[in-house]
Every structure is written in structure tokens, then in C-alpha cells.
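Single-letter residue listing:
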Amino acid sequence: MAEQKTIFARIIDREIPAEIVHEDDLCLAFNDVNPQAPVHVLVIPKKPIVSLAEITAEDTELIGHLFQVVRQLAEQHNLQGGFRTIINTGDEGGQTVPHLHIHLLGGRSLSWPPG
Ligand code: 5GP
């Protein structure tokens, strides 16, 4: 059976709309549909990697690139005061979409520890 396309793969392929804030050859960034802070952007690789638990040595440059994009987006969103990045991994990590994504949260004071 062919694997089901994730919602994020469908956003990459423009099958469903999203507020895209960055795109390049390797990745896409868009606003989270259910924002948990004034700035809540998801940065995803175009390569369909399921989660951080699935990355390989081949992905090293790609992962570095994703974080460079996070830094650029933090700058563009004026998050000089700080921001948070989160990568939920697997069921117990709270991951709900099986396509690797980095949450970029900012624009308010964020508490710790998480739930
Ligand atoms: P996770 O829980 O897997 O770490 O995060 C998935 C995130 O994707 C959630 O914050 C959720 O609000 C967001 N999300 C789920 N479906 C969509 C969608 O169709 N569009 C957008 N923009 N975000 C989505």
C-alpha cells in the first residue's frame, strides 16, 4: 500500500494552503495553524523525513540549513529578546505530524518546563 501523504507534504505540493513565510530548494516555513505564541512558525525539510529519530549522516547539511533558516526567521520577526525552538519526536514526544518540523516560537515570555 502506498504511504499516505502527510499534511505537510500536501502543503509543500500546494495541495492545501498555508501562510508561507520562507521557501528555498531545501525547505519550507509557514505559520502554524494553531499558534501558541504571537510568532509560531514551522520549518520543514522538503525531503520527507519522518522525524528527528530518522535522520542519517546524509542529512547533516540539511539539518544545519533548517537552523540557519530558523535564525533568519527569528531576525525577520524581531525576536532579538529570545525565542524557542522545539522538535517533537514520536508519540511520547508529542509529535502529531510524521514529517520532521522545527517549531519557532516567540513574541511573548515563554515558561519552562513544558508539560
Ligand atoms: P507537532 O505536534 O507534530 O510537533 O506539531 C504539529 C503542528 O502542526 C501543530 O502545532 C499544528 O498546529 C500544526 N498543524 C497541523 N496541521 C496543520 C495545517 O494543516 N496547517 C498548518 N499551518 N499547521 C498545521
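Here the structure is a predicted model, which means the values were calculated and not measured. (Residues numbered from 1 in each chain as written. Predicted model: local features only at pLDDT ≥ 70, side-chain atom pairs only at ≥ 80, totals over all residues. Heavy atoms only, no water.)

A. A look at the packing of aromatic side chains. Counted by the stated rule, this structure contains one aromatic pair. Taking 5.4 Å as the distance between ring centres and 75° as the angle between the ring planes, the aromatic pair formed by F8 and F30 counts as edge-to-face. With F8 in helix 1 (residues 7-12) and F30 in strand 2 (residues 27-31), this residue pair connects regions lying 22 residues apart in the sequence. A residue is classified by how much of its surface remains accessible, and F8, at 6% relative accessible area, is buried. (Phe/Tyr/Trp six-rings, centres within 6.5 Å; stacked < 30°, edge-to-face > 60°. Helix = DSSP H or I, 4+ residues; strand = E, 2+ residues; numbered from the N terminus. Buried < 20%, exposed > 50% of the residue type's maximum accessible area, 1.4 Å probe, protein only.)

B. Region of the structure containing the pattern of salt bridges. Counting across every chain of the model gives eight salt bridges. In this structure, K47 and E58 form a salt bridge, with 3.3 Å as the shortest nitrogen-oxygen distance. With K47 in the loop between strand 3 (39-45) and helix 2 (60-76) and E58 in the loop between strand 3 and helix 2, the pair connects residues that are eleven residues apart, well separated along the chain. On the basis of relative accessible area, E58 is assigned to the exposed category, the value being 68%. Three or more residues are tied together by salt bridges with common partners; here these are K5, R10, D13 and E15. (Salt bridge = Lys/Arg side-chain N within 4 Å of Asp/Glu carboxyl O.)

C. Focus on the site of the ligand. As a matter of local geometry, the ligand sits amid 16 residues, with D32, N88, T96, H101 and H103 nearest to it. A distance of 3.1 Å is found between an oxygen atom of the ligand and a backbone nitrogen or oxygen belonging to G94. V97 has a polar backbone atom sitting 3.1 Å from an oxygen atom of the ligand. Across the complex, the protein chains shield 82% of the 520 Å² of accessible surface that the ligand would expose by itself. Taking a 2 Å distance to the grid points as the criterion, the majority of the atoms of the ligand fall inside the largest pocket. In terms of residue class, the shell around the ligand is made up of seven nonpolar, eight polar and one charged. (Near = heavy atom within 4 Å. Polar contact = N/O pair within 3.5 Å; in protein donor to acceptor, adjacent residues only side chain to side chain. Areas by Shrake-Rupley, 256 points an atom, 1.4 Å probe, with all protein chains shown as cover. 1 Å grid on protein atoms, 1.4 Å probe; cavity = no way out; pocket = protein on both sides within 12 Å on 5 of 7 lines; lining within 4 Å. Sits in = over half its atoms within 2 Å of the grid points. Nonpolar A, V, L, I, M, F, W, Y, C, P; charged D, E, K, R; others polar.)

D. Looking closely at the sheet that holds strand 5 (residues 102-106). With respect to topology, five strands assemble into an open sheet ordered 1-2-3-5-4, the strand pairing being antiparallel. The sheet is open, and its two borders are formed by strand 1 (20-23) and strand 4 (84-86), each paired with just one other strand. For this sheet the average axis-to-axis angle between neighbouring strands, irrespective of direction, equals 20°. Pairing analysis gives five bridges linking strand 3 to strand 5, with the strands arranged antiparallel. Bridge pairing in strand 5 places V39 opposite G106. (Pairing = 2+ DSSP bridges. Axes fitted to C-alpha atoms, helices over the stretch in contact; angles between N-to-C directions.)

Keep in mind these values describe shape, not function.
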